[in-house]
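# Structural characterization, general
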Amino acid sequence: MQIQSQIINTVPVFEVSETLKEVIRFFEETTFSHVAVTENGVYLGLLSENDLACFEPEKRIDAFRFEMESFFVTKETSWLDVLEMFSRNEANILPVLDENQTIIGYYDLEDVVSLFIDTPFFSEPGAILVVATGIKDYSFSEIAQIVESNNARLLGAFITDSQNDVVQITLKIGAQGLNEVAQTFRRYNYTIVFGNSDDQFMEDLKQRSDYLEKYLNV
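Residues numbered from 1 in each chain as written. Predicted model: local features only at pLDDT ≥ 70, side-chain atom pairs only at ≥ 80, totals over all residues. Heavy atoms only, no water.

### Some points on the environment of threonine 133
With respect to the secondary-structure elements, threonine 133 resides in strand β7 (residues 127-134). When the C-alpha atoms of threonine 133 and isoleucine 192 are compared, they prove to be 9.2 Å apart, with 59 residues separating the residues in sequence. Once you skip the residues sitting within four places of it in the chain, threonine 133 turns out to touch Tyr138, Asp165, Val166, Val167, Asn189 and Tyr190. (Helix = DSSP H or I, 4+ residues; strand = E, 2+ residues; numbered from the N terminus. Contact = heavy atoms within 4.5 Å.)

### Section: the packing of helix α5 (residues 140-148) against helix α6 (residues 178-187)
Running from N to C, α5 and α6 cross one another at 135 degrees; their axes reach a closest spacing of 8 Å. The angle between the axes of α5 and α6 places the two elements in the oblique class. Here α5 runs over α6; the crossing is right-handed. Contacts between α5 and α6 involve Ile143, Ile146 and Val147 from the former and Val181, Thr184 and Phe185 from the latter. (Axes fitted to C-alpha atoms, helices over the stretch in contact; angles between N-to-C directions. Parallel < 35°, antiparallel > 145°, perpendicular 65-115°, else oblique. Left-handed = near helix turned anticlockwise from the far one by under 90°.)

### Section: the nonpolar core
If you look at the biggest cluster of nonpolar residues, it comprises 39 residues, and the most contacted ones within it are Val23, Leu47, Ile61 and Tyr107. Contributing elements (two or more residues each) for this core: α1 (21-29), β2 (34-39), β3 (42-48), α2 (79-88), β5 (93-97), β6 (103-108) and α3 (109-117). Among the elements that line this core, the one with the most residues is α2, at five residues. Not counting residues within four places of it along the chain, the set of residues in contact with isoleucine 61 comprises Phe14, Glu15, Val16, Glu18, Thr19, Leu20, Val23, Val37, Leu47 and Met68. Judged by nonpolar contacts, the second largest core, of 17 residues, contains Ile143, Ile146, Val147 and Ile192. (Core = buried A, V, L, I, M, F, W, Y, C linked by side-chain atoms within 4.5 Å. Buried < 20%, exposed > 50% of the residue type's maximum accessible area, 1.4 Å probe, protein only.)

Okay, here's the thing in structure tokens:
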């Protein structure tokens, strides 16, 4: 999935020689968590909205040089790594740099998440199944084979937890044959973390699927 089309240029970039007055106004008028600062046009770092109470309007941004955060992405950064950068730094905006450390724009978290939600993993109807197994015992080829051998469609899969040598994998599966898929995973010594074959599970799964459909169609 290409996300470069989501780079925006409507968010300002401040020079380190400017005063904090406009930075304060920026944070007061927006909901962004950070804003980028340059020195002679070269990326220097990010000021955080969390530090807003410490900003003195007449001081130069340079006074906060050593308090700045320094995360960023490039145009070549994959969309998964972009999402990870958002999460790791508790940010809702990321500066995008070129090879000369010049800021070419920003990624807005809301735009990137909207793009992700439009992928088949979220947009196609289906059900969620979470399985767990030893971190050395799983393979995505085996997971796909288990799903497809039961005439079900695998719409997507990704690792959602990994600790104590156990990995959890979240699957989006076409609802047809879901019970058979779950039973086959058990036979292959996977633990079903979310899901079983009883009627209550199917009802819960339907409710969650209906909720997701409603959310995506808002």
